[in-house]
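Geometric and topological summary
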Amino acid sequence: MFKQWIRFAVMMISISVMVQPGWASEGESELLVKYKPGYRQSTSKANNFAIQVVENTPLSKIGVKKLKGADKKNMAQLHKDLLQDPAVQYVVVNHVRHALTVIPNDPVFTEQWALMRMRLPEAWEITRGNAEVVTAVIDTGVDMDHPDLVNRLTSGHDYVNDDDDPDDDNGHGTLAGGIIAAATDNQTQAAGVTWQGKVMPMKVLDSNGNGNDSDIAASIIDAADEGAKVINLSLGAPESSPVLQDAINYAYGKGVVIVAASGNHDTYDLEKFVFYPAACDHVIAVGAIESNNEIGYYSNYGFGMDVVAPGSNITGLSHDGDMKQGSGTSFASPHVAGLAALLLGYDTSLTPDQTEAYITNSTTDLGDPGWDEYYGYGLVDAYTALHTLQLDKPGMLSGQIIPENGYGMEAIDLRLDGMDVLQNLDDSGYFTIENIQEGVHHLEISKPGFVTKKLEVHVGLGHTIDLGEIDLRYGDLNGDGIIDLFDLVLLSRKLDSTSTLPDAVYDPDHDGKISLVDLTCIAWNYGK
């Protein structure tokens, strides 16, 4: 809460000096309004100005309506009237935000220095991602036919043209999406941070890299509803917006990790403070560094900064099917979003706060000790983040026990390193043993009348070892761990027994009595 109030105070001071409220920005001719709970949501004021009220959109899930009008004078007056309405929780301009990129370079460099700087090759030894983890790239769309992305995409949406074809007509989103999840280890073009994760393309920025808050907020809500686990926002502007915060709160409430670029100050020729939505609560704000580990000359900083990642001369995918280079916090942010996807791929139970903690607590400190306004908590380190998670997540053993001839699970015991871990399995025979520390362990599976199964297993940090089907052989009647002559002697004493329904282990042929056939069955296993 303290961070939030400090951030708010600094932003308000900065914005009051540099950005005059009103309708100066081109294309901003819409309002976004939210009414207080319990108040009647009147549209009479909008009707007085013949202004269209757009309802039943994804924004309705956070209680927001869009008001559209062609006459900016009327819109300004309506804005003023609604600010005085006690039923209104907030009313704000539907600001236009911009892709946070510096002029892209020609494709000169072929080495992706960012991946090495983040120690991703070491991290990939722990995990290379999970196809179930989807990252929504809310941007200019992506090249839907790019050979290094075509098999890594889920369905998305184009909010600019209101259709389901979020193809990239700018290039910004394709580069961001490729940083996260370009097909890797395929001898084609660039490597992505996550080898297995998917990208959900959400086009909210037009061919010039511009888009408004209502589309951005709607895409955040839709991405959360459609199963995205991570959202990347390589876009921003100086103005705050409760609509964006509400949408972010909605996604955060559904367990989504949200990452955003801190901003490129020279886009606006303003002081260097963290732009929105990166400055919103529940968002990981990412600044950019140069290859010398210095903060990028263009990168915004200040209160609200969380981490930095490589952002200059980033080689990646182009929307023409080729490759390109770009610089900006836009291309630092997807590196961190990709890391979040790797963490969630390793442990899908992580919450957004836990994921952020693994990222911020594992950084390399580049500025003043601890948090500072230029580098936040420091440069992200993929290997340390994943290795820390690995240490925090013990291993697990699983398997299925199958006694011979279909005997049941009664009286089966499991012992791990001499300690009882499981008794009385159900009829399926499946078992799971959790919270196993790294190292070599000894598992024993026993059942009266069966040979005790002894297994030696090596459990790695955070690994799940599936032992598959584990067969138990019947015939160890004297319980010495092997089928031997003494077992045959014990069984022979029961020949011609008149008792009915004897213990199943003595009746392999299931005829209800001990017979020569049973002795033969046991003898068949003798010495095996």
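The structure reproduced in this document is the subject of the present report. On a predicted model such as this, the values are computed, not experimentally measured, just so you know.

A short note on the pairing of strand β5 (residues 96-99)
Pairing of β5 with strand β10 (residues 210-212) involves three bridges; the strand directions are antiparallel. Of the residues in β10, the one forming a bridge with R97 is G211.

Focus: the packing of aromatic side chains
Taken as a whole and assessed by the stated rule, the structure comprises five aromatic pairs. Considering the side-chain rings of Y297 and Y298, the 5.0 Å spacing of their centres and the 85 degrees angle between planes classify their relative orientation as edge-to-face. In this structure Y298 comes out as buried when scored by relative accessible area, which is 1%.

Let's talk about the packing of helix α6 (residues 172-181) against helix α9 (residues 329-346)
As a packed pair, α6 and α9 sit with axes 8 Å apart at the nearest point and diverge in direction by 30 degrees. Here α6 runs over α9; the crossing is right-handed. Of the residues in α9, those in contact with H172, L175, A176, I179 and I180 of α6 are S330, F331, P334, H335, A337 and G338. When grouped by side-chain class, the residues that make up the contact of α6 with α9 number seven nonpolar, four polar and no charged.

With respect to the sheet that holds strand β18 (residues 395-403)
In space, the three strands of this open sheet follow the order β21-β18-β25, with mixed pairing throughout. With partners counted over all chains shown, the strands left at the sheet margins are β21 (430-436) and β25 (464-472), one partner each. Looking at each pair of strands side by side, their axes are set apart by 20 degrees on average, direction ignored. When β18 meets β25, the two strands line up parallel, connected through seven bridges. If you follow M396 over to β25, its bridge partner there is T464.

Brief notes about helix α8 (residues 242-253)
For α8, which comprises 12 residues, the first-to-last C-alpha distance of 16 Å matches the rise-based estimate of 16 Å (1.5 Å per residue) to within 8%. Among all positions of α8, only V243, L244, Q245, D246, A247, I248 and A251 are buried. Measuring from the backbone nitrogen of V243 back to the side-chain oxygen at the start of α8 gives 3.2 Å, which picks out S241 as the cap. Where α8 ends, the next residue or the one after it, G255, has phi of about 85 degrees, a positive value.

What to know about the sheet that holds β10
One open sheet holds the three strands; their spatial order is β10-β5-β12, and the pairing between them is antiparallel. What marks the edges here is a single partner per strand, and that holds for β10 and β12 (235-236). Here helix α7 (residues 213-225) sits on the sheet and contacts β5, β10 and β12; the angle it forms with β10, its principal contact strand, is near 75 degrees.

A look at the nonpolar core
Of all hydrophobic cores here, the largest spans 59 residues; its most connected members are L120, I284, V286, V336, L343, I359 and V380. With 11 residues, α9 is the single largest residue contributor to this core. With sequence-adjacent residues up to four places away left out, V380 is seen in contact with M118, V307, V308, A309, V336, L339, I359 and T363. By size, the runner-up hydrophobic cluster in this structure holds 43 residues, among which are A224, A247, A251 and Y276.

Regarding the environment of T127
With respect to the helices and strands, T127 occurs in the loop between α5 (120-123) and β7 (134-139). The class of T127 is buried, set by a relative accessible area of 10%. Distance from T127 to Q196, taken between C-alpha atoms, is 9.6 Å for residues 69 residues apart in sequence. T127 has contacts with L342, Y346 and L386, leaving out every residue within four places of it along the chain. Within polar-contact distance, the side chain of T127 engages the backbone nitrogen of G129 at 3.1 Å.

Observations concerning the pattern of salt bridges
Inspection of the entire model under this criterion finds nine salt bridges. Across the salt bridge formed by K203 and D169, the nearest N and O atoms sit 2.8 Å from each other. Here K203, found in strand β9 (residues 198-203), pairs with D169, found in the loop between β8 (157-158) and α6; they are 34 residues apart in sequence, far enough to count as distant. Salt-bridge contacts for D225 lead to K254; the nearest nitrogen and oxygen are separated by 2.8 Å. Taken together, the residues span a long stretch of sequence, with D225 in helix α7 and K254 in the loop between α8 and β13 (257-261) at a distance of 29 residues. A relative accessible area of 44% means that K254 is categorised as partly exposed.

Parameters and conventions
- Residues numbered from 1 in each chain as written.
- Predicted model: local features only at pLDDT ≥ 70, side-chain atom pairs only at ≥ 80, totals over all residues.
- Heavy atoms only, no water.
- Pairing = 2+ DSSP bridges.
- Helix = DSSP H or I, 4+ residues; strand = E, 2+ residues; numbered from the N terminus.
- Phe/Tyr/Trp six-rings, centres within 6.5 Å; stacked < 30°, edge-to-face > 60°.
- Buried < 20%, exposed > 50% of the residue type's maximum accessible area, 1.4 Å probe, protein only.
- Axes fitted to C-alpha atoms, helices over the stretch in contact; angles between N-to-C directions.
- Left-handed = near helix turned anticlockwise from the far one by under 90°.
- Contact = heavy atoms within 4.5 Å.
- Nonpolar A, V, L, I, M, F, W, Y, C, P; charged D, E, K, R; others polar.
- Expected span 1.5 Å × (residues − 1).
- Polar contact = N/O pair within 3.5 Å; in protein donor to acceptor, adjacent residues only side chain to side chain.
- Core = buried A, V, L, I, M, F, W, Y, C linked by side-chain atoms within 4.5 Å.
- Salt bridge = Lys/Arg side-chain N within 4 Å of Asp/Glu carboxyl O.

Limitation: the analysis is restricted to geometry and does not speak to function.
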